[in-house]
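Fold and geometry: a report
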Amino acid sequence: MSDQDLQPYVVVERRGSNIVAFIAGALMGAGVALLLAPKSGRETQADLRDGARRFSEGAGEKLTDLRDTLEDRYGRTREGLGERVGAIRENVRDRQRKAEEAIKAGKDAARQARSDLEARVAESKAAYRAALVGGPSPDVDGVDGEEEADIAPAAEEDEEGDREPPE
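Keep in mind that what you see is a predicted model, and the values were worked out from it rather than measured.

**As for the overall build of the protein chain**
- Secondary structure summary: the protein chain contains four helices and two strands in total.
- Ordered by position from N to C terminus, the α and β elements of the protein chain give α-α-α-α-β-β.
- The burial tally for the protein chain puts 6% of its 167 residues in the buried class.
- Once local pairs closer than 6 in sequence are excluded, the contacts in the protein chain between residues at least 24 apart make up 9%.
- Surface exposure of the protein chain reaches about 15200 Å², of which carbon and sulfur atoms provide 54%.

Rendered as structure tokens:
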């Protein structure tokens, strides 16, 4: 084996448009056909004019059809996108409304939980103070923090931080 056989090689594929080659071949064929045609020059010119006129009319019709088709598709696409955008906007508004309702419900629940907790703390304080005094537990429904101070005197702390009932 030679060194050249061991060398890598690159294959380049050209992907050109075959339509150009087809059109060039068609034009060359048409030119040869004109040269070899058994008609006279005037007849050939008339045929060429008729062919060009028919081609022009056909191309114009196809171009008009293509334009109409594109306008129709553009209109339908635009309408479809408008509908989709409207649906998305409505969906966003709906989700915003639901989120606002959920936030409001959460705030209300937090307020309720806080008031319940404050009531339980008040009940617990009243029960603790009543136990320090040594009497029975008072009914603490509706007792707030200021009234609790009137129920029982506060306990005093000793040196170690333990509470002892007042004497």
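Still more ground to cover, so stick around.
**As for helix 3 (residues 41–133)**
- Taking 1.5 Å as the rise per residue, helix 3 with 93 residues should run 138 Å; its terminal C-alpha atoms sit 134 Å apart, in good agreement.
- When we look at burial in helix 3, the residues that qualify are Thr44, Ala122, Ala126, Ala130 and Leu132.
- Positive phi appears at Gly134, one or two residues downstream of helix 3, with a value of about 100°.

**Focus: a negative patch on the surface**
- On the surface, Glu61, Asp65, Asp68 and Glu71 cluster together to form a negatively charged patch.
- Tracing the sequence through the fold places Asp65 in helix 3.

**Observations concerning the pattern of salt bridges**
- Per the stated rule, a full pass over the model turns up nine salt bridges.
- For Asp50, the salt bridge is made with Arg53, and the minimal N-O distance between the two is 3.9 Å. With a gap of three residues between them, Asp50 and Arg53 both fall in helix 3, about one helical turn apart.
- According to the relative accessible area criterion, Arg53 is partly exposed, its value standing at 42%.
- Notably, a salt bridge pairs Arg114 with Glu118, separated by 3.0 Å at the nearest N-O pair.

Cut-off values and rules
- Residues numbered from 1 in each chain as written.
- Predicted model: local features only at pLDDT ≥ 70, side-chain atom pairs only at ≥ 80, totals over all residues.
- Heavy atoms only, no water.
- Helix = DSSP H or I, 4+ residues; strand = E, 2+ residues; numbered from the N terminus.
- Buried < 20%, exposed > 50% of the residue type's maximum accessible area, 1.4 Å probe, protein only.
- Contact = heavy atoms within 4.5 Å.
- Areas by Shrake-Rupley, 256 points an atom, 1.4 Å probe, with all protein chains shown as cover.
- Expected span 1.5 Å × (residues − 1).
- Patch = residues over 30% accessible without salt bridge, like charges linked within 9 Å, V, L, I, M, F, W, Y side chains within 5 Å.
- Salt bridge = Lys/Arg side-chain N within 4 Å of Asp/Glu carboxyl O.
- Lys, Arg positive; Asp, Glu negative; His and termini not counted.
- Charge placed at Lys NZ, Arg CZ, Asp CG, Glu CD.

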